[in-house]
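Residue-level structural notes
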Amino acid sequence: SQEIAIMIHSFAMTAVVEFLSCIWIEVSMFVCAAIVYLALSTRNIPGKDRPQQRQMPVATRRSSIGAAKKESTNLESDFDVSSIWEALRNGRLREAVVLLEQFPAERRSGLLTTVVPRLLTIAAMEEDLLEATALVRDAVGFIRPRSLEAAILEAHYHKDVKLCIHLDALGSILTVPKSQAIQTTLAKTYKLGAESLRKVVRDSSNPLPWQLAKAMLHACNVIKDRELEESVLERTGQADRAALRCLVAESEDQLANFSASRPAANDAGRREHVLAVIAAIQDKSNAKDLPGAISLFEAQHVTGDTEGAQFLMCIIHACAENGDLIMAKKYLSKADILGVADMASLSLLVKGLMTAGKETAAESVLTEIGKMGLRVSQSSYHGLLHFHVTAQDRRAAWRLVEEMQEVGFRPTAVTCSILLKMTVAPAHAHQLPKVFQMVETMEKPADDILLHSMMQACLRAERLDLLAELTQRHLGKLPFTTPLYGSMIKAFGQAGNIEHVRLMWKDMNTRGVENSAVTLGCMVEALVMNGEMDEAWLLVQETWQSDCQRQLVNTVTYSSLLKGVANQPDKVMQLYKEMKVRQIECNTITYNTILNCFAQCKTMHRVPRILEDMRTAKPPVEADMVTYSTLVKGFCSSGDLDTALGLLEEMRNQGTYKADEMLYNTLLSGCAREQRISDALRIIKEMRDTGTPPSNYTLSMLAKLLGRCKRLGQV
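As the structure is a computational prediction, the values presented were derived from the model and not from experiment.

On to the packing of aromatic side chains, then. In the structure shown here, the tally under the stated rule is 3 aromatic pairs. Between the aromatic rings of Phe 297 and Tyr 331, the centroid separation amounts to 4.9 Å while the plane-to-plane angle is 75°, which identifies the pairing as edge-to-face. A residue pair is termed long-range when its members are at least 10 positions apart, and Phe 297 in helix H14 (residues 290-298) and Tyr 331 in helix H16 (residues 325-338) qualify at 34 residues. A single burial state applies to Phe 297 and to Tyr 331, both of which are buried. Ring centres 6.1 Å apart and planes at 65° place the aromatic pair Tyr 576 and Tyr 591 in the edge-to-face group. In this pair, Tyr 576 sits in helix H30 (residues 569-581) while Tyr 591 sits in helix H31 (residues 588-601), placing the two residues 15 residues apart along the sequence. Across the pair, Tyr 591 and Tyr 576 agree in class, each one buried. A cation over a ring is seen here: Lys 434 above Trp 398, with NZ or CZ 4.0 Å from the ring centre.

Written out as structure tokens, the structure reads:
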């Protein structure tokens, strides 16, 4: 009876633990889904009213101008973020990748936290999963497990079994470690959506790619459907089928042997022991106690099973991290003998070293792996290559490419895209032909993403000959995207090649490629930059007359037009009135462009009207330092020094901006022109009080003024 009571008690405790475990998984998944939803939905909403800004005070005598300015917001970067999210929401993977590549590097890390899960989801929906994976890897680099976890949790929330399978396959291709939460979520999705899983298999195309078939077989194994498993195997290629059958049989044998040989409680204890030993080895390694880590490893019974592979990869990581490549090579050989030195394990080893910031150790291990005839994934080479390129170590980058080719890896679009990032200035132009030649040796032809990178590199290197040749070769052959057309138009515009600018625009419209506000802005800017102001204005009018394209005309478009007539005040006012009639918002840059025209053309009598429009705009447009400097320069050039000095006084009283050396020099020039020595000396004193160091130009202006006033003794 006592034994029966013990059994009942044990059974009850087991049931309670299993019940609590299920509840905890549900709560964890709900919280993760809520976090993902908030991360993806919480961002700036275009068109949302901004807080009311305070009114600008009236300036002394003949001018009035904006005062306190809030902390400046980078509107261009906000526009870039909006463009990336717009592309992601509409499922345009390639456009999102291009925009992400162009995003400032110093701000990418914060953006990637929320963008990567959505990027993975879109890539998993692509027909060509391998190509989509390459695009994501090139744009993001290493994928963190929590990003894949967020994407899978979102798919599970929407009960999208097909998307879960594709994300599972995508994670395998990217060698992203699958956390316990990912595995649990996938298993639950497959169990709850068994019918959907069968439909996904039935509707899939032939032949199935290796990683996708592997993910489907894993799903079939979860729901214990052998018939569906056989259906998946029949849809694979002849070369992959035998290997996949062995994989299925091996999984079943391991499961049977495991069930027959060990009770579940003993297995859990063994796993805890393995994890504890691995954690202890890692602690010893972090403390630079490699002998202690080796002693812990040698005390274990290492075999060719999963636990043995974990032990070996951990000690190899420790040896490489502490710079003992001899011991690392020894344990690599042992892993090879035991049959656990497979590509996935070695790739994770290299990736782990890089994640820990031990890139030199990772490259040394990678070299030893190649010498021993073992293989890692090509993404391991790409990770190190990206590190060398980011560090601008060109010699190490090309050496790594040679090693990669020696072990049998041919260059891919990812390889070439990374190498193109080394070209950041005209001094690096000699490397471009070598990369272009490498592109020609790829198995697959260059896609529009790689072409975009090549064209950007040509622009940075100022190799316009290569850019023109590249464009002529691929024009009409590949489906160029809207951002790619915009980049080419901008490049040829900056190069002064207006014929190629027109050719790109005509080709884009002939092929029915959807236009965008950015591309239109690039075209208008290119025309204005090359003196084709009338053509640019006509293009804007034609676009405005089209109901389906009218929304493309914006503030940036008109700012480019204003630059083209910067020396013609009447035309500037004509364009300004046109913007007001069409209700196109004017920003600080627009108003500064207009005010600069008035300052250069000495038509400062038009300024009060513009300043009044800035004040009464909804929301009000506040002046910045450029506005003050432009107005001071204009009033000094027009002989109205008193108003210019009044603006300086207004700046001093408000305390929003501090006058710089250029503004003081402008005022000194005005004082010299009107021989107002007392005002000039007061300005010099103010410069000294505010800690603004005078330049040679400042001192020369002062000497000139004192000389005119016959007070050279003060020089």
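Moving on, there is more to tell.
By the secondary structure assignment, Arg 198 is in helix H9 (residues 194-203). Taking the relative accessible area as the measure of exposure, Arg 198 reaches 22% and is therefore partly exposed.

Where helix H34 (residues 641-654) meets helix H35 (residues 661-674), the axes come as close as 10 Å, and the angle between the chain directions of the two elements is 150°. Judged by the inter-axis angle, H34 sits roughly antiparallel to H35. Crossing handedness for the pair H34 and H35: left-handed. Between H34 and H35, the residues in contact are Leu 641, Ala 644, Leu 645, Leu 648 and Met 651 and Leu 663, Tyr 664, Leu 667, Gly 670, Cys 671 and Glu 674, respectively. For the contact of H34 with H35, the class distribution of residues is 9 nonpolar, 1 polar and 1 charged.

Per-chain confidence: the chain averages 77 in pLDDT, with 78% of residues scoring 70 or above. In this model, residues 42-77 is a region of pLDDT below 50 whose contacts with residues beyond four sequence positions or in other chains number 76 contacts. Note on residues 255-265: pLDDT is under 50 here. Beyond four places in sequence and across chains, it has 5 contacts.

Turning next to the nonpolar core. Ranked by size, the top nonpolar core spans 154 residues in total, and within it Ile 315, Tyr 331, Leu 346, Leu 561, Phe 598 and Leu 667 carry the most contacts. For this core, the element with the most residues is helix H15 (residues 306-321), which contributes 10 residues. Sequence-distant contacts of Tyr 331, defined by excluding residues within four places in its chain, comprise Ile 294, Phe 297, Glu 298, Leu 312, Ile 315, Ile 316 and Cys 319. Counting 54 residues, the second-largest nonpolar core is a separate cluster that includes Leu 88, Leu 93, Val 140 and Ala 151.

Conventions used here
Residues numbered from 1 in each chain as written. Predicted model: local features only at pLDDT ≥ 70, side-chain atom pairs only at ≥ 80, totals over all residues. Heavy atoms only, no water. Phe/Tyr/Trp six-rings, centres within 6.5 Å; stacked < 30°, edge-to-face > 60°. Helix = DSSP H or I, 4+ residues; strand = E, 2+ residues; numbered from the N terminus. Buried < 20%, exposed > 50% of the residue type's maximum accessible area, 1.4 Å probe, protein only. Lys NZ or Arg CZ within 6 Å of the ring centre and 35° of its normal. Axes fitted to C-alpha atoms, helices over the stretch in contact; angles between N-to-C directions. Parallel < 35°, antiparallel > 145°, perpendicular 65-115°, else oblique. Left-handed = near helix turned anticlockwise from the far one by under 90°. Contact = heavy atoms within 4.5 Å. Nonpolar A, V, L, I, M, F, W, Y, C, P; charged D, E, K, R; others polar. pLDDT = per-residue confidence, 0-100. Core = buried A, V, L, I, M, F, W, Y, C linked by side-chain atoms within 4.5 Å.

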